[in-house]
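This is what each chain is made of:
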Amino acid sequence: MDFSHGTSSIGPRRRRRLAAKYRRRRTVVATLAILVIAVPVTIVAAVHNLSSNISSAPLRAGTESGVPEKLTDETNVLILGSDTRDLESAEDGGSAPGYGSAEGARSDAMILAHVAADDSRIDAVQIPRDTIMDVPACEDTGHGGSEAFHGMINSALNAGPACSVSAVEKLTGVRLDHFIEVDFDGFATIVDALDGIPVDLDEPLQDEKAKLDLPAGEQMLDGTDALALARTRHAVGDGSDISRMGNQQMVMEAIIDRAKSTRTLSRPDRLYSFLDAVTSSLRVDEDLDSVTALASLASTASSVPEEAINFEIMPWAPAPENPNRVVSAPEAEDVFTAIIDDEPITDLVD
């Protein structure tokens, strides 16, 4: 089954190079997801007072009614990148400088990470935030409840992470065990704590709505520019969520490399600032809000070989009612069924 698009005119040698580059990049994104899990444990073990930075919220709202059945002993984690502001709102009269403004919270990034029952493999699927679906009703968990509605899946977070969990479970049929939410409001602080991140742009990027104006070539980005690059829609491709995923992955790769570099690890002050910024940006479910639970999950994740970490973008198609939005494609059912059955998603990709 081939999920690739627009590669028929590319020669075999070029296609192999592109495929290898894509595999490296998708591994980096999945590695970031694991880094988000593992970092808090390092902090709690080394600098105990930082553990209080991590906040928690319920995994589910209401009863277990409608929650998918769990068939195996795998662990499924929903990783959310959230922000209370939305670039699109500037088009609708938003007034916040730089990134626009929007009432409530939205999930700018959603990754379903599956740790195999035998801990030998991690499969991660990124769900486009522009995915249109019938979002289920959600009871109040402290953020206000929500009625069922037809719209973008990222809006579910407005009523709290438990509602995002419910929406993803309905979309995928996968029962979730945990969530980890990274607040993008703290994203710039994380980058600044690393003294910036290096990027290499193939072409200049401008986006007035994001206050983004970057030249082509190698350069260091501060937190403000890094956040704008990760979130811009209008400076890349067709302005869709799918188009900007490449920039998000590039920024995340740079953060990982910078955080793992000796310039960070050998300087206690830099490391502390980075870890303080990360933990201050995290919210987890109540079962993960302990040193023991985080340590167990992190230990499992870190034991998986890099070559056994697989990342895919959910197979999608343009939404019939709006070509600027997407819906889950029929092939996505095969991917999510593989996760439910604890089978590798790589078996589905040509």
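Residues numbered from 1 in each chain as written. Predicted model: local features only at pLDDT ≥ 70, side-chain atom pairs only at ≥ 80, totals over all residues. Heavy atoms only, no water.

Peer 1: Explain the state of the cysteines to me, please; I cannot follow it from the model alone.
Peer 2: Each disulfide consists of one covalent bond between the sulfur atoms belonging to two cysteines. Under the counting rule described, the total for this entry stands at 1 disulfide. Disulfide pairing is shown between cysteine 138 and cysteine 163; the S-S distance is 2.0 Å. Taking the sign of the S-S torsion, about -90° here, the bridge from cysteine 138 to cysteine 163 comes out left-handed. Of this pair, cysteine 138 sits in the loop between strand 5 (132–135) and strand 6 (149–152) while cysteine 163 sits in helix 2 (residues 161–172), and the two are 25 residues apart along the sequence. (Disulfide = S-S within 2.5 Å. Helix = DSSP H or I, 4+ residues; strand = E, 2+ residues; numbered from the N terminus.)

Peer 1: Looking at this structure, how should I read the environment of threonine 131?
Peer 2: Tracing the backbone shows threonine 131 in the loop between strand 4 (122–126) and strand 5. A C-alpha to C-alpha distance of 9.8 Å links threonine 131 and methionine 314, two positions 183 residues apart in sequence. In this structure, threonine 131 is in contact with Gly151, Met152, Ile153, Leu171, Met314, Val326, Val327 and Ser328, ignoring residues within four places of it in sequence. A polar contact of 2.7 Å, which involves the side chain of threonine 131, links it to the backbone oxygen of proline 128. (Contact = heavy atoms within 4.5 Å. Polar contact = N/O pair within 3.5 Å; in protein donor to acceptor, adjacent residues only side chain to side chain.)

Peer 1: What is the right way to read the pattern of salt bridges from this model?
Peer 2: Two side chains with opposite charge may pair up if their charged atoms get near one another. With the rule as written, the count across this model stands at 10 salt bridges. Here aspartate 177 and lysine 70 are joined by a salt bridge, their closest N and O atoms 2.7 Å apart. Residue aspartate 177 is found in the loop between helix 2 and strand 7 (178–183), and its partner lysine 70 is found in the loop between strand 1 (55–57) and strand 2 (75–83); the two are separated by 107 residues along the sequence. Arginine 267 is the salt-bridge partner of aspartate 269, the closest N and O atoms lying 2.7 Å from each other. Given the relative accessible area of 34%, arginine 267 is considered partly exposed. (Salt bridge = Lys/Arg side-chain N within 4 Å of Asp/Glu carboxyl O. Buried < 20%, exposed > 50% of the residue type's maximum accessible area, 1.4 Å probe, protein only.)

Peer 1: What is the right way to look at the pairing of strand 15 (residues 322–328) in this model?
Peer 2: Every other side chain in a regular strand lies on the same face of the sheet, so the side chains alternate between the two faces. Where strand 14 (residues 316–319) lies against strand 15, 4 bridges are found, and the strand directions are antiparallel. For tryptophan 316, the partnering residue across the bridge sits in strand 15 and is serine 328. Counting the residues in the hairpin turn of strand 14 and strand 15 gives 2 residues. (Pairing = 2+ DSSP bridges.)

Peer 1: Which parts of the structure should I look at to understand the nonpolar core?
Peer 2: For soluble globular proteins, the rule of thumb is that nonpolar side chains tend to be buried together. Ranked by internal contacts, the top residues of the largest apolar core, which has 30 residues, are Phe187, Ile197, Leu229 and Phe274. Elements represented by at least two residues in this core include exactly helix 3 (187–193), strand 8 (197–201), strand 10 (212–214), helix 4 (223–231), helix 5 (241–260) and helix 7 (268–280). Look past the residues within four positions of leucine 229 in its chain and what remains in contact with it is Leu201, Leu205, Leu212, Leu214, Leu221, Asn247, Met250 and Val251. Ala57, Met133, Ile339 and Ile345 belong to the second largest nonpolar core, which has 28 residues in total. (Core = buried A, V, L, I, M, F, W, Y, C linked by side-chain atoms within 4.5 Å.)

Peer 1: Looking at this structure, I do not really get the environment of leucine 288. What am I missing?
Peer 2: Inspection of the secondary structure assignment puts leucine 288 in the loop between strand 12 (282–285) and helix 8 (291–302). With 110 residues separating them in the primary sequence, leucine 288 and histidine 178 have C-alpha atoms 7.2 Å apart.

Peer 1: What exactly am I supposed to notice about a negative patch on the surface here?
Peer 2: Residues Asp200, Asp202, Glu203 and Glu218 make up a contiguous surface patch of negative charge. Along the chain, the position of glutamate 218 falls in strand 11 (residues 217–221). (Patch = residues over 30% accessible without salt bridge, like charges linked within 9 Å, V, L, I, M, F, W, Y side chains within 5 Å. Areas by Shrake-Rupley, 256 points an atom, 1.4 Å probe, with all protein chains shown as cover. Lys, Arg positive; Asp, Glu negative; His and termini not counted. Charge placed at Lys NZ, Arg CZ, Asp CG, Glu CD.)

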